[in-house]
Amino acid sequence: QETPFEGSGTAENPYLNGTAEDLVRLSELSDTDAAYAAAYYLMTADLDMSGVTLKPIGLVNHFSGSLDGGGHKITNLTINKADTEHTGLISFLERGTLKNLGIESGTVTGGNKTGALAGRTMYAKLLNCYSKAEVAGGNDTGGLVGMYNNSDMENCYVWGSVTGGVSVGGLAGGANRSIDAGYP
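Below is a summary of the structure that appears in this document.

**Focus: the packing of aromatic side chains**
How two aromatic rings sit relative to each other is given by the distance of their centres and the angle of their planes.
Then comes step 1: This model, assessed by the stated rule, comprises seven aromatic pairs.
Then comes step 2: Judged by centre distance (5.4 Å) and plane angle (45°), the ring pair of Y15 and Y41 falls under tilted. Here Y15 is found in strand β1 (residues 15–17), whereas its partner Y41 is found in strand β2 (residues 40–43), with 26 residues between them in sequence. Note on accessibility: Y15 and Y41 belong to one class, buried.
Then comes step 3: Ring geometry for Y41 and F63: centres 6.1 Å apart, planes at 35°, overall tilted. Of this pair, Y41 sits in strand β2 while F63 sits in the loop between β3 (47–48) and β4 (66–75); the two residues are 22 residues apart in sequence, bridging distant segments of the chain.
Then comes step 4: Geometry around F5 places R25 over its ring, the cationic atom sitting 5.8 Å from the centre.

**Let's talk about the sheet that holds strand β17 (residues 162–163)**
Then comes step 1: Spatial ordering of the open sheet is given by β5-β8-β12-β17, a layout of four strands whose pairing is parallel. Where the open sheet ends on each side, the last strands, each with one partner, are β5 (77–81) and β17.
Then comes step 2: Sheet topology note: the strand β8 (residues 106–110)/strand β12 (residues 134–136) ladder contains three bridges and is parallel. Bridge pairing in β12 links V108 to V135.

**Brief notes about the nonpolar core**
Then comes step 1: Membership of the largest hydrophobic core comes to 41 residues, with the highest contact counts inside it found for L23, Y41, I74 and L98.
Then comes step 2: Of all the secondary structure elements, the ones that give two or more residues to this core are α1 (20–32), β2, β4, β5, β6 (90–94), β7 (97–103), β11 (125–131) and β14 (145–149).

**Concerning the pairing of β14**
Then comes step 1: Buried residues dominate β14, accounting for five of its five residues.
Then comes step 2: Where strand β10 (residues 118–122) meets β14, four bridges bridge the pair, whose relative direction is parallel. Across the sheet, residue M122 finds its bridge partner in β14, namely N149.

**Regarding the pattern of salt bridges**
Then comes step 1: Applying the stated criterion across every chain yields a total of four salt bridges.
Then comes step 2: Taking the shortest distance from any N to any O, the salt bridge between K113 and E85 comes out at 3.7 Å. Placement of the pair is K113 in the loop between β8 and β9 (114–115) and E85 in the loop between β5 and β6, with a sequence separation of 28 residues.

**Describing the sheet that holds β9**
Then comes step 1: Pairing within the open sheet is parallel, and its three strands lie in the order β9-β13-β18. Looking at the sheet topology across the chains shown, the edges are occupied by β9 and β18 (168–169).
Then comes step 2: Taken together, the two bridges between strand β13 (residues 141–142) and β18 define a ladder with parallel strand orientation. When the bridges of β18 are listed, T141 appears paired with V168.

So, how was this worked out
Residues numbered from 1 in each chain as written. Predicted model: local features only at pLDDT ≥ 70, side-chain atom pairs only at ≥ 80, totals over all residues. Heavy atoms only, no water. Phe/Tyr/Trp six-rings, centres within 6.5 Å; stacked < 30°, edge-to-face > 60°. Helix = DSSP H or I, 4+ residues; strand = E, 2+ residues; numbered from the N terminus. Buried < 20%, exposed > 50% of the residue type's maximum accessible area, 1.4 Å probe, protein only. Lys NZ or Arg CZ within 6 Å of the ring centre and 35° of its normal. Pairing = 2+ DSSP bridges. Core = buried A, V, L, I, M, F, W, Y, C linked by side-chain atoms within 4.5 Å. Salt bridge = Lys/Arg side-chain N within 4 Å of Asp/Glu carboxyl O.

Below is the structure:
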């Protein structure tokens, strides 16, 4: 069976994501086929999302795979789901990993549980990530994660504005676990 990405989606041979179209495809496929929401991905280039309004990855099937930014960044990210809970680059990161990725610019607008990287995490890992995007949401809105549950975050920072309702924070809007120091 032919896959829409280079690679096989495993830890040893992740799907390669090098274009804005690849990121849009990941967003679409993660909702229609749970196997894509559980796969491994590696970004191979900086992505300019100008002119694209991205739907959060894993809006239907929670994302439990791994998205490794490879040290690359996303610019001009636009996610506009004002009435949608769990809004971010990844809607709901459950038992998955997001690492080595920066959002250099953009706007993320959502409902409750909104963050630039993830609307909500559960038993997830965020490593070596940052966001300079503007984030606006309802309750539990954060610069990186809206609702941070039982997850690990290391070496991450935010350098953008965050606005919302109740429980608004720089790294996370709401959290039930401590967060290690992000950026000295």
